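# Structural overview for review
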Amino acid sequence: MTEGAFSELVMDHYRRPRNRGPMENADGTGTGGGGECSDTLTIRIRVAGERIVEARFECEGCPPTVACGSIITEMAAGKDLDEAAAIAGESVCDALGIVAAEYRHCGDLAAEALGNAIMDHVVRSIEGR
Ligand code: FES
């Protein structure tokens with residue numbers, strides 16, 4: 001894998017990831033991973049009402065995985081929970097210009113992590129945590 005294999009936008013999000021790092025007292029946490037590679041990605045969300053007001057990610061992975069984590073936090077911020085849960089991995093890849101088949105699952109990883117974070121928030125809300 002060479003950096004030249006990726007779009008400028010992927011490398012921009014890889015080198016200057018947005019919203020990377022931990023979040024204190026998150027309202028929901030979800031992880032994606034365990035698929036066809038060893039990459040893992042965790043997303044934490046802050047929710048006000050039914051809307052995601054902030055999303056942050058932590059990731060151990062290749063450039064497109066980091067980029068997917070970065071851009072999905074931007075895509076999720078400001079969306080209500082249903083809209084955010086509907087963000088598909090292919091939309092994340094399309095937003096970054098990831099076309100290589102071997103990296104399309106990086107978007108799925110990010111979408112899985114976000115979906116799990118939203119589910120975690122919903123379960124917490126039901127349980128009153
Ligand atoms: Fe597997 Fe990116 S190479 S998630």
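### Points about the packing of aromatic side chains
The full count for this structure, using the stated rule, is one aromatic pair. On the basis of an interplanar angle of 75 degrees and a centroid distance of 5.2 Å, the ring pair of Phe6 and Tyr103 is categorised as edge-to-face. Residue Phe6 is located in the segment before α1 (8-15), and its partner Tyr103 is located in the loop between α4 (89-96) and α5 (104-127); the two are separated by 97 residues in the primary sequence. Here Tyr103 falls in the buried class, since its relative accessible area comes to 16%.

### Section: the packing of helix α2 (residues 63-76) against α4
Where α2 contacts α4, the two axes come as close as 10 Å, and the packing angle between them is 105 degrees. It follows that α2 is roughly perpendicular to α4 by the angle criterion. In contact with Ala67, Cys68, Ile71, Ile72 and Met75 of α2, α4 contributes Ser91, Val92, Ala95 and Leu96. Here the contact of α2 with α4 is built from residues that sort into eight nonpolar, one polar and no charged.

### Looking at α2
Under the 1.5 Å per step criterion, the end-to-end length of α2 is 20 Å for 14 residues, consistent within 8% with the ideal 20 Å. For α2, the full list of buried residues reads Pro63, Pro64, Thr65, Val66, Ala67, Cys68, Gly69, Ser70, Ile71, Ile72, Thr73 and Ala76. Those residues of α2 that are buried are in contact with α1, β2 (40-48), β3 (51-60), α4 and α5. In the segment just after α2, Gly78 is the residue with positive phi, at about 95 degrees.

### Notes on a negative patch on the surface
Residues Glu36, Glu90, Asp108 and Glu112 make up a contiguous surface patch of negative charge. Positionally, Glu36 belongs in the loop between β1 (28-33) and β2.

### Looking at the sheet that holds β3
Hydrogen bonding along the main chain pairs the strands of a sheet, whether they run parallel or antiparallel. Pairing is antiparallel across the open sheet formed by three strands, whose spatial order is β1-β2-β3. Only two strands of the sheet have a single partner each, and these edge strands are β1 and β3. Put simply, the sheet's adjacent strands are angled 20 degrees from each other on average, direction ignored. With respect to the sheet, α2 is in contact with β2 and β3, its orientation differing from that of β3 by roughly 175 degrees. Relative to the sheet, α5 contacts β1, β2 and β3, its axis offset from that of β1 by approximately 150 degrees.

### Concerning unusual backbone geometry
Across residues other than glycine, the phi torsion is negative in most instances, and most of the peptide bonds are trans. Here the phi dihedral of Asn19 falls at roughly 60 degrees; this positive angle occurs in a residue that is not glycine. Following the sequence through the fold, Asn19 ends up in the loop between α1 and β1. Look at Asn19 and you get partly exposed, because its relative accessible area is 28%. With phi around 50 degrees, Asn25 is a residue other than glycine that occupies positive phi space. For Asn25, the location among the structural elements is in the loop between α1 and β1. For Asn25, a relative accessible area of 67% corresponds to the exposed category.

The rules behind these values
By convention here, each chain's residues receive numbers from 1 onward along its written sequence. Residue-level local features of this predicted model are given only where pLDDT is at least 70; pairs of side-chain atoms are given and counted only at 80 or more, and the full residue set underlies all totals for whole chains, interfaces and linings. As a rule here, side-chain values cover all heavy atoms of the structure and leave hydrogens and water aside. Only Phe, Tyr and Trp rings are paired, with Trp represented by its six-membered ring, and only when their centres lie within 6.5 Å; those with planes under 30 degrees apart are stacked, over 60 edge-to-face, the remainder tilted. Put simply, DSSP marks the helices as runs of H or I at least four residues long and the strands as runs of E at least two long, and each gets a number from the N terminus on. Only protein chains enter the accessibility calculation, which uses a 1.4 Å probe; a residue is then buried when its area is under 20% of its type maximum, exposed when over 50%, and partly exposed in between. Only the stretch in contact is used when fitting a helix axis, every axis being a line fitted to C-alpha atoms; angles between N-to-C directions are given from 0 to 180 degrees. Roughly parallel means an angle under 35 degrees; roughly antiparallel means over 145; roughly perpendicular covers 65 to 115; every other angle is labelled oblique. When checking whether two residues touch, look at their non-hydrogen atoms; a contact exists if any pair is within 4.5 Å. Only Asp, Glu, Lys and Arg are considered charged in this grouping, and only Ala, Val, Leu, Ile, Met, Phe, Trp, Tyr, Cys and Pro are considered nonpolar; every other residue, Gly among them, is considered polar. Multiply 1.5 Å by the residue count of a helix minus one, and that product is the helix's expected span. Exposure above 30% relative accessible area and no salt bridge define the residues that can form patches, which grow by joining like charges within 9 Å and nonpolar side chains of Val, Leu, Ile, Met, Phe, Trp and Tyr within 5 Å. Reported accessibility uses the Shrake-Rupley method at a 1.4 Å probe radius. Residues are deemed covered only where the shown protein chains occlude them. Each reported salt bridge corresponds to a side-chain nitrogen of Lys or Arg within 4 Å of a carboxyl oxygen of Asp or Glu. Charged-residue counts in this description rest on Lys and Arg as positive and Asp and Glu as negative, His and the chain ends being excluded. Taken as the charge centre is NZ of Lys, CZ of Arg, CG of Asp or CD of Glu, depending on the residue. Pairing between two strands is assigned when DSSP locates at least 2 bridges connecting them.

By themselves these figures say nothing about function.
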